[in-house]
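Each chain is listed here by its residues.
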Amino acid sequence: MKTLEDLLPKLIKSTEDKKLTWIVSSTGFECHIGNQDVKTWAWFDEGSETNFVTVQLRAGPDFNPTILDSVTAGDFESNYNIVSSLHSAARRSAHNVDAIIENISDKLDKL
């Protein structure tokens, strides 16, 4: 059986290759792929003092989506690096970090 976690490497690569564009959502970042959305957000649990990242595959309208699959990883879990790597790539895409860094670099070159 295929899971969302199986898709994470492809999602990361497609994001890094600029084939997927992420946007800022109310809680994190999301991208649209056909009729489905992938959404990711990071959060901190004060009780356990643990950082978590969640990724969901969703279908349907934004106001009432169906969650098709989900993965949550805490910073102590073996899959945390890949889940947080997708979150980081999504954040960089949504905020256009590569272009901002390139722009700053160009400005520094002209000093």
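Details of the structure are given in the entry above.
Only a predicted model underlies this, so the values are computations on that prediction, with no experimental measurement involved.

Draft legend 1. Expanded view of the pairing of strand E4 (residues 50-59). With respect to burial, E4 is a largely interior element, 9 of its 10 residues being buried. Across 10 bridges, the pairing between strand E3 (residues 36-45) and E4 is antiparallel. In the strand pairing of E4, Trp 43 is matched with Phe 52. The turn linking E3 back onto E4 is made up of 4 residues, and Glu 49 within it adopts a positive phi angle of 55°. With 8 bridges joining them, E4 and strand E5 (residues 66-74) adopt antiparallel strand pairing. Residue pairing in the sheet places Leu 57 in a bridge with Asp 69 of E5.

Draft legend 2. Structural view of the nonpolar core. By size, the foremost hydrophobic cluster in this structure holds 18 residues, and its most contacted members are Leu 8, Leu 11, Trp 22, Val 38, Val 55, Val 83 and Leu 86. Of all the secondary structure elements, the ones that give two or more residues to this core are helix H1 (4-16), strand E2 (29-33), E4, E5 and helix H2 (80-94). Residues within four places of Leu 8 in sequence aside, it is in contact with Val 55, Val 71, Ile 82, Val 83 and Leu 86.

Draft legend 3. Representation of the sheet that holds strand E1 (residues 23-24). Pairing is antiparallel across the open sheet formed by 5 strands, whose spatial order is E1-E2-E3-E4-E5. Bordering the open sheet on either side are E1 and E5, each of which pairs with just one other strand. Two elements, E1 and E2, share 2 bridges in a ladder whose sense is antiparallel. Counterpart to Ile 23 in the pairing with E2 is Glu 30. Running over the sheet, H1 touches E2, E3, E4 and E5 and is turned about 75° from E5. On top of the sheet, H2 reaches E1, E2, E3, E4 and E5; it is set at about 70° to E4, its chief contact.

About the cut-offs
Residues numbered from 1 in each chain as written. Predicted model: local features only at pLDDT ≥ 70, side-chain atom pairs only at ≥ 80, totals over all residues. Heavy atoms only, no water. Buried < 20%, exposed > 50% of the residue type's maximum accessible area, 1.4 Å probe, protein only. Helix = DSSP H or I, 4+ residues; strand = E, 2+ residues; numbered from the N terminus. Pairing = 2+ DSSP bridges. Core = buried A, V, L, I, M, F, W, Y, C linked by side-chain atoms within 4.5 Å. Contact = heavy atoms within 4.5 Å. Axes fitted to C-alpha atoms, helices over the stretch in contact; angles between N-to-C directions.

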